[in-house]
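Spelled out, the chains give:
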Amino acid sequence: MVKIALFGYSGSGKTTLFRYLTGKTEELYDPFKPWIGVGIYKDSNIDRITEIHKARKVVYPEFEFFDFKGFPLTQGFPDNYFAHFFDIDIIVCVINNFSEDASPEEEASSLLMELILYDTEKIQSILKKRDDGASAISQQQADVLKKGLKMLEEEHLLNELSDGDKKLIYGIQLLTTRHVLLYINGDNKSFNPFTGVPSLIQKEPDSTAFYRSIMKALGLITFYTLKGDIVQGWVIPANFTAREAAGRIHKDIEKGFIKAAVLSLRDFIEIGSWQAAKNTGALK
């Protein structure tokens, strides 16, 4: 399941967004533990397949949300605030752009700088320990960290590193190696997008647009399965092979994979049924 962190200053509307996406209403008061909930992506393609296939059961993709407590812009975040961020796939920075005194570009820049400064200090500490002989990182890892440090000093995120470089420092807990999305909450003031950081502007919450932006940022697609009277959507990386996609359904299917019958969504809708597609030779 994709894990999404909602990160922002107090008053950004972050928790309101969390409640909208997950349906949770109770309060959580621990400032160092996230409020966790699950959101359902009610993909309209699944609804169309269900209608055509006359399915009795529908299973939509699910996303896990972590709502981290906001702190005032003037105060910043405590040292141990980011301890729970390292099992996250994407950090969504929620920006206040609905209040009269909103300054979305300043707030977005400040949130990104919080992430950048954390990683900068972490890398500097690791490199210093290595220089002192107290760190076991390899020369290759040190070279990547030095490259990353230069990027951070130029206010670039580490998710711009090559896949090979990111793999080398995978075990080091850094924030900006993760994907980041700026969620502009409202349209009170104009907002100029930041280079290299995707953004989504919403006057009112729209879950479909939100999930699509998350999937685009993470390079994900959806594939759909029909099994008896069950229609299900599965979220996978766009570069997955059919075998790897099968593994999302069940690891045993991936291990024993022989072949798959595949039909494009467009063809399925045009032809009108799986059986008709099979009879006309449209299956691949």
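**Examining the overall build of the protein chain**
Broken down by element type, the protein chain carries 10 helices and nine strands. Expressed along its principal axes, the backbone C-alpha trace of the protein chain runs to roughly 70 × 50 × 35 Å. Residues counted as buried form 43% of the 284 residues belonging to the protein chain. Nonlocal contacts in the protein chain, meaning residues at least 24 apart in sequence, comprise 60% of its contacts between residues at least 6 apart. Taking the 34 positively charged and 38 negatively charged side chains of the protein chain as two groups, their mean positions are separated by 9 Å.

**Considering helix H1 (residues 14-22)**
Of all the residues in H1, the buried ones are Lys14, Leu17, Phe18, Leu21 and Thr22. Taken around the axis of H1, the buried residues stretch over an arc of 115 degrees, which confines them to a single face. Where H1 is buried, its residues meet strand E1 (2-7), strand E2 (35-40), strand E4 (62-67), strand E5 (90-96), strand E6 (179-185) and helix H6 (207-218). Taken from the residues just after H1, Gly23 is the one with a positive phi, measuring 80 degrees.

**A word on the sheet that holds E2**
With mixed pairing, the six strands of this open sheet are ordered in space as E2-E4-E1-E5-E6-E7. Two strands bound the open sheet, and with one partner strand each, they are E2 and strand E7 (199-202). For this sheet, the mean inter-axis angle between neighbouring strands, taken without regard to orientation, is 25 degrees. Across four bridges, the pairing between E6 and E7 is parallel. Looking at E7, one finds that Asn185 is bridged to Gln202. Strands E1, E2, E4, E5 and E6 of the sheet are contacted by H1, whose axis makes an angle of about 45 degrees with E2. Along the sheet face, helix H3 (residues 104-131) touches E1, E5 and E6 and points at about 145 degrees away from the line of E5.

**Quick look at the pattern of salt bridges**
Close approach of charged atoms allows side chains of opposite charge to pair. For the coordinates displayed, the defined rule picks out eight salt bridges. Lys166 serves as the salt-bridge partner of Asp163, at 3.9 Å between the closest nitrogen and oxygen. Placement of the pair is Asp163 and Lys166 together in helix H5 (residues 163-168), with a separation of three residues, close to one helical turn. When its relative accessible area of 61% is taken as the criterion, Asp163 is described as exposed. Lys251 is the salt-bridge partner of Glu254, the closest N and O atoms lying 3.1 Å from each other. Of the two residues, Glu254 and Lys251 are both situated in helix H8 (residues 251-255); the distance of three residues between them amounts to about one turn of the helix. Owing to a relative accessible area of 18%, Glu254 belongs among the buried residues under this scheme. Of the residues examined, Lys251 reaches a relative accessible area of 53% and is grouped as exposed.

**With respect to the confidence of the model for the protein chain**
Across the protein chain, pLDDT averages 92, with 99% of residues at or above 70. Confidence scores differ between elements of the protein chain, with H8 showing the lowest mean pLDDT of 89 and E5 the highest of 98.

**Regarding the environment of Ala282**
Topologically, Ala282 is positioned in the segment after helix H10 (274-279). For the pair Ala282 and Val262, spaced 20 residues apart in sequence, the C-alpha to C-alpha distance is 8.8 Å. Apart from residues lying up to four places away in sequence, Ala282 is in contact with Val262, Leu263, Ile271 and Ala277.

**Notes on the nonpolar core**
Grouped together as the largest cluster of nonpolar side chains are 42 residues, with contacts concentrated most on Phe7, Phe85, Ile91, Cys93 and Leu145. Where this core is concerned, the elements lending two or more residues are E1, E5, H3, helix H4 (139-153) and E6. A total of eight residues in this core trace back to one element, the largest contributor, which is H3. If we skip the residues at most four places from it in the chain, Ile91 touches Ala5, Phe7, Phe85, Leu115, Leu175, His179, Val180 and Leu181. Judged by nonpolar contacts, the second largest core, of 24 residues, contains Leu17, Val92, Leu181 and Val235.

Criteria and thresholds
- Residues numbered from 1 in each chain as written.
- Predicted model: local features only at pLDDT ≥ 70, side-chain atom pairs only at ≥ 80, totals over all residues.
- Heavy atoms only, no water.
- Helix = DSSP H or I, 4+ residues; strand = E, 2+ residues; numbered from the N terminus.
- Buried < 20%, exposed > 50% of the residue type's maximum accessible area, 1.4 Å probe, protein only.
- Contact = heavy atoms within 4.5 Å.
- Lys, Arg positive; Asp, Glu negative; His and termini not counted.
- Charge placed at Lys NZ, Arg CZ, Asp CG, Glu CD.
- Arc of directions from axis to C-beta.
- Pairing = 2+ DSSP bridges.
- Axes fitted to C-alpha atoms, helices over the stretch in contact; angles between N-to-C directions.
- Salt bridge = Lys/Arg side-chain N within 4 Å of Asp/Glu carboxyl O.
- pLDDT = per-residue confidence, 0-100.
- Core = buried A, V, L, I, M, F, W, Y, C linked by side-chain atoms within 4.5 Å.

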